[in-house]
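Spelled out from the first residue to the last, the chains are:
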Amino acid sequence: MKLSVLDQSPIPAGGTAADAVRNTIDLAEAAERFGYHRYWLAEHHASPALAGVAPEALIGPVALATSRIRIGSGGIMLPHFSPFKVAETFRLLSAMGPGRIDLGLGRAPGSDQRTAYALQRDRSKRMLVNDFPEQVAELLGYLEGSLPDDHLFKPLEATLPSGGSGSPDVWMLGSSSDSAVWAGQMGLPYCIADFINSDALPLADLYRQHFTPSARCPEPYLMVAVWAIAAEDRAGAERLAAPAKMMFAHLVRGSLIPVPSMAVADAWLADNPQPPARRRTLLGTGAEVADEVREVARLYGAQEMMLVNILPEHAPRVRSYQLVAEALHSPPFVSSEVEKRT
């Protein structure tokens, strides 16, 4: 089974976005050493806890710091952008990381509604979300040179940055039935955000039922992103999960906070007991989490699993990914280029 990483570039309390970016690059290098297949950067806006406001700005530096692992967006929230701008940006990134760039596309705002409105250039009307399939079709037209001959923007296909290996691999991301149907109809690989919607199992069948083979994806290809934390023992993993629990409790109350320390989170949760989380959380030793990853993959019929977590300290976060990779892939894959650097 292929194993991948989704990085939201967490900012610990007292830290900065600069710290988070350094940690992102370091974790990407570590993920490559541990044998992960791809490393995606998330898009979130106006958050004191997450530095990843622009995955397109992070993909280039991460690609240049690595040599084998695929790098991509998890995802680009397309309603904020023009399809042509995204096509230009990712063709340029493909020239920087030949054959290794993924373009994951999402429809969600990656923010609250006020922030989404602030991101709009034209504020004379609310952002449309119903035109998302048309946006994706236009974007694919640029990347694949398939816009109709009478399309106003047809001549722009030839102006996209060249070099590298051409265009990125395009993915559909989502946690709703709409995204599952669109991914299937467009013949795209699909990533289900189980860490957002743990009741998303029906989406896998919906995707496969609507799948239309395409040159970009001849058969259904499904990846599932899950919340996962591993430590030397289960008690350690549960303690590492406390900061995210505190963050989520604040989020549902409309308050955004930086990633708290484990000590602060432990104290707050002791004073504010939380009901059992509905979100699926894989916790335990590396072997225990690996077994749960396999089980979730089996439930969805997924060919690939993507792990995501938010921890305040960088070293335990790196160790978490290492433990799971070692349990799933023993010995861990190490590319020749990585061996030269280590």
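Predicted model, so just to flag it, every value in this text is computed and none were measured. (Residues numbered from 1 in each chain as written. Predicted model: local features only at pLDDT ≥ 70, side-chain atom pairs only at ≥ 80, totals over all residues. Heavy atoms only, no water.)

Thoughts on the packing of aromatic side chains
Logical step 1: In the structure shown here, the tally under the stated rule is 7 aromatic pairs.
Logical step 2: Between the aromatic rings of Tyr207 and Phe211, the centroid separation amounts to 5.7 Å while the plane-to-plane angle is 80°, which identifies the pairing as edge-to-face.
Logical step 3: Tyr207 sits in the buried class, given a relative accessible area of 1%.
Logical step 4: Ring pairing ties together the aromatic residues Trp40, Trp171 and Tyr221, which thus form one cluster.
Logical step 5: Across the ring face of Trp227, the terminal group of Arg279 is positioned such that the distance to the ring centre comes to 4.1 Å.
Logical step 6: Over the ring of Phe248 we find Arg279, and its NZ or CZ is 5.5 Å from the ring centre. (Phe/Tyr/Trp six-rings, centres within 6.5 Å; stacked < 30°, edge-to-face > 60°. Buried < 20%, exposed > 50% of the residue type's maximum accessible area, 1.4 Å probe, protein only. Lys NZ or Arg CZ within 6 Å of the ring centre and 35° of its normal.)

Examining the packing of helix 1 (residues 17-34) against helix 12 (residues 314-328)
Logical step 1: Where helix 1 meets helix 12, the closest approach of the two axes is 10 Å, and the angle between their N-to-C directions is 20°. Classified by the angle their axes make, helix 1 and helix 12 are roughly parallel. The handedness of the crossing between helix 1 and helix 12 comes out as right-handed. The segment helix 1 lies against helix 12, with Asn23, Asp26, Leu27, Ala30 and Phe34 engaging His314, Arg317, Val318, Tyr321, Gln322 and Ala325.
Logical step 2: Residues that form the contact of helix 1 with helix 12 fall into these classes: 6 nonpolar, 3 polar and 2 charged. (Axes fitted to C-alpha atoms, helices over the stretch in contact; angles between N-to-C directions. Helix = DSSP H or I, 4+ residues; strand = E, 2+ residues; numbered from the N terminus. Parallel < 35°, antiparallel > 145°, perpendicular 65-115°, else oblique. Left-handed = near helix turned anticlockwise from the far one by under 90°. Contact = heavy atoms within 4.5 Å. Nonpolar A, V, L, I, M, F, W, Y, C, P; charged D, E, K, R; others polar.)

Brief notes about empty space enclosed by the protein
In this approach the atoms are scanned with a rolling probe the size of a water molecule, which exposes any empty space left behind.
Logical step 1: Applying the stated criterion to the full structure yields 1 cavity of 30 Å³ or more.
Logical step 2: By volume, the largest cavity amounts to about 60 Å³.
Logical step 3: Lining the largest cavity are Asp7, Ser9, Pro10, Pro12, Ala20, Asn23, Thr24, Leu311, Pro312, Glu313, His314 and Arg317.
Logical step 4: Mapped onto the lining of the largest cavity, the elements with two or more residues apiece are helix 1 and helix 12.
Logical step 5: Here the lining of the largest cavity gets 3 residues from one element, more than from any other, and that element is helix 1.
Logical step 6: Per-class residue counts for the lining of the largest cavity are 5 nonpolar, 4 polar and 3 charged. (1 Å grid on protein atoms, 1.4 Å probe; cavity = no way out; pocket = protein on both sides within 12 Å on 5 of 7 lines; lining within 4 Å. Points joined across faces, edges and corners; volume = space filled by probe spheres on them.)

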